[in-house]
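# Per-entry structural report
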Amino acid sequence: MNKAKRKAVIAGNWKMNKTPAEAKELLSAVAPLVKDADCEVIACVPFVDLQTALETTEGTNVKIGAENCHWAESGAFTGEISAPMLASMGVEYVVLGHSERRQYFGETDETVNKRTKAALASGLKPIVCVGELLWERECNITEEVIARQIKLDLWDVTEDELKNVIIAYEPVWAIGTGKTATAEQAEEVCAFIRATVAKLYNQAAADALTIQYGGSMNDGNAEELLSKENVDGGLIGGASLVAEKFAAIVAAASK
Ligand code: PGA
């Protein structure tokens, strides 16, 4: 992290976990533990938990995000949720292009880009996820894959809009597997993402961009990962479901 240059952000990604009652319980436990955080704290929760999450965290420093949004404002898209719908509730963030969406629900860089632009147009702050598959890393094309995702996902996003974007680097092989990228691997790719953004925009825009690492980040490895210059925070899956573990990661980011 380089807090002199940019905001440190720890975001939980609950995935398909927690009923509204359970969400209330978890966030009621998290909020007092992170109240003195020296970083942004976000919980990205299932759609049905959003209202409860917003109510439970009202008046605290915990911000609420959704886990996806559609690119259209409204219309015949059964089962989808639009960015204006989320914004109207008071939701601030939205995870987009998560590898599970890409892997299981046919998300492509084109749809991630459309969703990103729709989110920004509604005043939401997208957390755009990129990351390579294991075999792509083994074939030594991690940088090509990441550069392509960054270019396509941020296509037509203006420099001004970029100020509201967070990039999450999540190597697919590290998600939910217990295999964390080493701090050096995370730093290498996060630095590469910043260099790519510098080429697409400019150095100042790249320096101001928050880039998170995600993939089995937990209370045991967060401090080392976050000690790296270009790792500005974390997108936390499994460990965000346990208040004490999530709070410990927030504490590591607050040092
Ligand atoms: P994990 O998930 O922390 O459980 O690996 C991270 C993510 O998918 O955002």
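Cut-offs applied
- Residues numbered from 1 in each chain as written.
- Predicted model: local features only at pLDDT ≥ 70, side-chain atom pairs only at ≥ 80, totals over all residues.
- Heavy atoms only, no water.
- Near = heavy atom within 4 Å.
- Polar contact = N/O pair within 3.5 Å; in protein donor to acceptor, adjacent residues only side chain to side chain.
- Areas by Shrake-Rupley, 256 points an atom, 1.4 Å probe, with all protein chains shown as cover.
- Nonpolar A, V, L, I, M, F, W, Y, C, P; charged D, E, K, R; others polar.
- Buried < 20%, exposed > 50% of the residue type's maximum accessible area, 1.4 Å probe, protein only.
- Helix = DSSP H or I, 4+ residues; strand = E, 2+ residues; numbered from the N terminus.
- Pairing = 2+ DSSP bridges.
- Salt bridge = Lys/Arg side-chain N within 4 Å of Asp/Glu carboxyl O.
- Core = buried A, V, L, I, M, F, W, Y, C linked by side-chain atoms within 4.5 Å.
- Contact = heavy atoms within 4.5 Å.

### Observations concerning the site of the ligand
Around the ligand sit 13 residues in total, of which Lys15, His98, Glu170, Gly176 and Ser216 are the nearest. A distance of 2.9 Å separates an oxygen atom of the ligand from a polar backbone atom of Gly237. Here the ligand has 280 Å² of accessible area as a free molecule, and 95% of this is covered by the chains. A class-by-class count of the residues in the shell around the ligand yields four nonpolar, seven polar and two charged.

### Some remarks on the pairing of strand β7 (residues 210–214)
Here β7 lies mainly inside the structure; five of its five residues are buried. Of the two faces of β7, the one lined by Thr210, Gln212 and Gly214 and the one lined by Ile211 and Tyr213 are each fully buried. As defined by bridge partners, strand β6 (residues 166–169) adjoins β7 across four bridges and the pair is classed as parallel. Among the inter-strand pairings, Ile166 is bridged to a residue of β7, identified as Thr210. In this structure, β7 lies alongside strand β8 (residues 233–236), joined through two bridges in parallel fashion. Looking at β8, one finds that Tyr213 is bridged to Gly234.

### Details of the pattern of salt bridges
Counted according to the given criterion, the structure contains 17 salt bridges. Connected via shared salt-bridge partners are Arg6, Arg194, Glu229 and Asp232.

### So, the nonpolar core
One finds Ile10, Leu154, Ile167, Ile193, Val197, Tyr213 and Leu226 to be the most contacted residues of the largest nonpolar core, which totals 72 residues. Apart from residues no more than four positions distant in its own chain, Leu226 is found in contact with Met1, Ile10, Met217, Val231, Asp232, Gly233, Ile249, Ala252 and Ala253.

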